[in-house]
Amino acid sequence: MRKNFVEELTWRGMIQDSMPGTEAHLLEAMRKAYVGIDPTADSLHIGHLVGVMGLKHFQLSGHKPVALIGGATGMIGDPSGKSDERNLLNEETLLHNQNAIKAQLSRFLDFDSDAENAAIIVNNYDWMKNFSFLEFIRDVGKHITVNYMMAKDSVKKRLSSESTVGMSFTEFTYQMVQGYDFLHLYRDRQCTLQMGGSDQWGNITTGTELIRRVDGGKGYALTWPLITKADGTKFGKTEGGNIWLDAERTSPYKFYQYWLNTSDADAEKHIKIFTFLSRDTIEALIEEHKEAPHLRILQKRLAEEITTTVHSKEDLDNAIKASDILFGNSTGDDLKRLNEKTFLEVFEGVPQTEISKTEIENGLDIIAALAEQGGFLKSNGEARRALKENSISVNKEKVQEGYLITANDLINNKFVLLQRGKKNYFVLKIV
């Protein structure tokens, strides 16, 4: 039995606009819908996740999702919400990016089963590359007026007096190319719905208009709201840039931390959008969170669910252990399990100094490590006092005067973590 897709997305806060009749159309039979994905990088970032979740809910509702990689449109650049034109990519790079993106989408969508509604991935470069310019303006361009194109908000914004860069002909024709994608998929795959962010409404409805004018058919449109954060900062961005789904670009630890640091107001919205938890479960979590906000129940569950889906349960466990190193009762063994990248991320901003490998091989006295050679504490006297107070740890283990730091203490054969009290850290980097 098919679930009501529109109803599901509505309670999750995932619908901004939909064309009249969309809900009834989806309840009549199994339908196909597509979402366009920009292939300008070989990884998705969390800004893409709303679209991916939309496709997954579509599949869970018994319909067939189509992920469209914009190989052709990626060569042009979408003017929506942008003030600059993008760099153009070559065919080889686009193919590499498509394969990497499909692997990430496979964490969410079922591409490989025998199910009637197994997902498919297509690339608009495959049908656009052989189109000559003359054919395109003859077969497609004549059906859409310039007046119609000029009325779109994305075009108006770029042509307004506030814009200093204007708009190239290439970008102006973007909506025509995207509109043709919908017409092609309508003809070739019987795809009747296009979905996307609310800034795509103008491009999507150009497609429904082409289907009506050229084939006398009926296409549908549905958009979700653009995700914003309660504090006004941009969703999915940090000082270091995008939060990527690729573990090499954004480690599972940093990925987990991003969601864990969500504000209360955002966590309530995001747990509906970025997890597959049921309505009853989410409503119970929200009530539980309201009773004890300091426990950050919503943030923890949100971070756990999305990190497991994008990465794995093992990556989640490691991210939690890494987080506990700063705030919990972790051990030297926990530290030694961290890879170098995660270690450096956990202790980002902690002062460090370099010590030669020879000194470690010979055994470095703890007082020298703390004071004269390390520089963590101001003097040997202060180091001795701290050791007498039992407030010094090496790799989270308490040590006494006379302790020698050796190669056995090395984390990743490169680091030693010194600590005074609960919160003062210092890293020795062995060179």
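Thresholds applied
Residues numbered from 1 in each chain as written. Predicted model: local features only at pLDDT ≥ 70, side-chain atom pairs only at ≥ 80, totals over all residues. Heavy atoms only, no water. Patch = residues over 30% accessible without salt bridge, like charges linked within 9 Å, V, L, I, M, F, W, Y side chains within 5 Å. Areas by Shrake-Rupley, 256 points an atom, 1.4 Å probe, with all protein chains shown as cover. Salt bridge = Lys/Arg side-chain N within 4 Å of Asp/Glu carboxyl O. Helix = DSSP H or I, 4+ residues; strand = E, 2+ residues; numbered from the N terminus. pLDDT = per-residue confidence, 0-100. Contact = heavy atoms within 4.5 Å. Buried < 20%, exposed > 50% of the residue type's maximum accessible area, 1.4 Å probe, protein only. Pairing = 2+ DSSP bridges. Axes fitted to C-alpha atoms, helices over the stretch in contact; angles between N-to-C directions. Polar contact = N/O pair within 3.5 Å; in protein donor to acceptor, adjacent residues only side chain to side chain. Parallel < 35°, antiparallel > 145°, perpendicular 65-115°, else oblique. Left-handed = near helix turned anticlockwise from the far one by under 90°. Nonpolar A, V, L, I, M, F, W, Y, C, P; charged D, E, K, R; others polar. Expected span 1.5 Å × (residues − 1). Arc of directions from axis to C-beta. UniProt positions renumbered as here; feature names shortened; annotations may be inferred.

1. Overview of a nonpolar patch on the surface
Thinking step 1. Together, Phe133, Leu134, Ile137 and Phe169 give the surface a local cluster of nonpolar side chains, amounting to about 460 Å² of exposed area.
Thinking step 2. The element that contributes the greatest number of residues to the nonpolar patch is helix H6 (residues 133-139), accounting for three residues.

2. What about the confidence of the model for the protein chain?
Thinking step 1. Scored by pLDDT, the protein chain comes out at a mean of 90, with 95% of its residues at no less than 70.
Thinking step 2. A low-confidence stretch, residues 81-85 (pLDDT under 50), is modelled with ten contacts involving residues beyond four sequence positions or located in other chains.

3. Focus on the pattern of salt bridges
A side chain with one charge can pair with a side chain of the opposite charge if their charged atoms come near.
Thinking step 1. Taken as a whole and judged by the stated rule, the model has 19 salt bridges.
Thinking step 2. The closest approach of N and O atoms between Arg12 and Glu8, which form a salt bridge, is 2.8 Å. Here Arg12 matches Glu8 in class, with each residue buried.
Thinking step 3. Across the salt bridge formed by Glu283 and Arg279, the nearest N and O atoms sit 3.2 Å from each other. Taken together, the positions of Glu283 and Arg279, both in helix H14 (residues 279-291) and four residues apart, correspond to about one turn of that helix.
Thinking step 4. Residue classification places Glu283 among the partly exposed positions, given a relative accessible area of 42%.
Thinking step 5. Via salt bridges that share partners, Lys3, Glu8 and Arg12 belong to a single interconnected network.

4. Topic: the sheet that holds strand E15 (residues 424-430)
Thinking step 1. Strand order in the open sheet formed by five strands is E9-E15-E14-E11-E12, with mixed pairing between adjacent strands. Edge strands, defined here as strands with exactly one partner in the open sheet, are strand E9 (352-355) and strand E12 (397-398).
Thinking step 2. Sheet topology places strand E11 (residues 392-394) next to E12; two bridges connect them, and they run antiparallel. Pairing of Val394 across the sheet is with Glu397, part of E12.

5. Topic: the sheet that holds strand E5 (residues 193-197)
Thinking step 1. An order of E1-E6-E5-E2-E3-E4 is seen for the six strands of this open sheet, with the pairing classed as mixed. For this open sheet the edge positions go to strand E1 (17-18) and strand E4 (120-123), each flanked by a neighbour on one side alone.
Thinking step 2. Bridging between strand E3 (residues 64-69) and E4 involves four bridges; their strand directions are parallel. Following the sheet pairing, Ala67 is matched in E4 by Ile121.
Thinking step 3. Contacts between helix H10 (residues 174-189) and the sheet are confined to strand E2 (32-37), E3, E4, E5 and strand E6 (220-224), with E2 contributing the most and set at about 145 degrees to the helix.

6. Comments concerning the environment of His63
Thinking step 1. For His63, the position within the fold is in the loop between helix H3 (49-60) and E3.
Thinking step 2. For the pair His63 and Ala119, spaced 56 residues apart in the sequence, the C-alpha separation amounts to 9.0 Å.
Thinking step 3. Within the local environment of His63, its side chain forms a polar contact with the backbone nitrogen of Arg31, the two atoms lying 2.9 Å apart.

7. Looking at the pairing of E15
Thinking step 1. Across the seven residues of E15, five count as buried, placing the element largely inside the fold.
Thinking step 2. Across four bridges, E9 lies against E15 in parallel orientation. Following the sheet pairing, Ile355 is matched in E15 by Ile430.
Thinking step 3. In terms of strand pairing, strand E14 (residues 415-420) meets E15 through six bridges, oriented antiparallel. By the bridge assignment for E15, Leu418 is matched with Phe426.
Thinking step 4. The loop that links E14 with its antiparallel partner E15 comprises three residues; one of these, Gly421, has a positive phi angle of about 70 degrees.

8. Quick notes on the packing of H10 against helix H11 (residues 201-215)
Pairs of packed helices are described in terms of their axes, by the angle between the two and the distance that separates them.
Thinking step 1. One can describe the packing of H10 onto H11 by two numbers: an axis separation of 7 Å at closest approach and a directional angle of 55 degrees. Our classification of the angle between H10 and H11 gives oblique. For the pair H10 and H11, the sense of crossing is right-handed. Only Asn203, Ile204, Thr206, Gly207, Thr208, Leu210, Ile211, Val214 and Asp215 of H11 make contact with H10, whose side of the interface consists of Tyr174, Gln175, Met176, Gln178, Gly179, Tyr180, Phe182, Leu183, Tyr186 and Arg187.
Thinking step 2. Among the residues making up the contact of H10 with H11, the classes are represented as ten nonpolar, seven polar and two charged.

9. Regarding the side chain of His289
Thinking step 1. On the secondary structure map, His289 appears in helix H14.
Thinking step 2. Residue classification places His289 among the buried residues on the basis of a relative accessible area of 5%.
Thinking step 3. Excluding anything up to four places from it in sequence, His289 contacts Asp264, Arg296, Ile297, Leu298 and Gln299.

10. Examining H14
Thinking step 1. Under the 1.5 Å per step criterion, the end-to-end length of H14 is 19 Å for 13 residues, consistent within 8% with the ideal 18 Å.
Thinking step 2. Every buried residue of H14 is accounted for by Ile282, Leu285, Ile286 and His289. Mapping the buried residues of H14 onto a view down its axis gives an arc of 100 degrees, with all of them on the same face. Summarising the geometry of H14, the exposed residues directed more than 90 degrees from the buried face are Asp280 and Glu291.
Thinking step 3. Contacts made by the buried residues of H14 are with helix H1 (5-11), helix H13 (264-273) and helix H15 (297-310).

11. Observations concerning the side chain of Gln194
Thinking step 1. Its place among the elements puts Gln194 in strand E5.
Thinking step 2. Residue contacts for Gln194: discarding those within four places in its chain leaves Tyr34, Gln178, Phe182, Ile204, Tyr220, Ala221 and Leu222.

12. Side note on the UniProt feature "short sequence motif: 'HIGH' region" (unreviewed entry) in the protein chain
Thinking step 1. According to UniProt, the feature "short sequence motif: 'HIGH' region" (unreviewed entry) maps to residues 39-48 in the numbering used here.
Thinking step 2. Spanning residues 39-48, this segment combines 0% helix with 0% strand, and its end C-alpha atoms are found 11 Å apart.

13. Brief notes about the packing of H13 against H14
Thinking step 1. Contact geometry of H13 with H14 gives a least axis separation of 10 Å together with a crossing angle of 165 degrees. Taken together, the axes of H13 and H14 lie roughly antiparallel to each other. In terms of crossing hand, the pair formed by H13 and H14 is right-handed. Contacts from Asp264, Glu268, Ile271 and Lys272 in H13 reach Ile282, Leu285, Ile286, His289 and Lys290 in H14.

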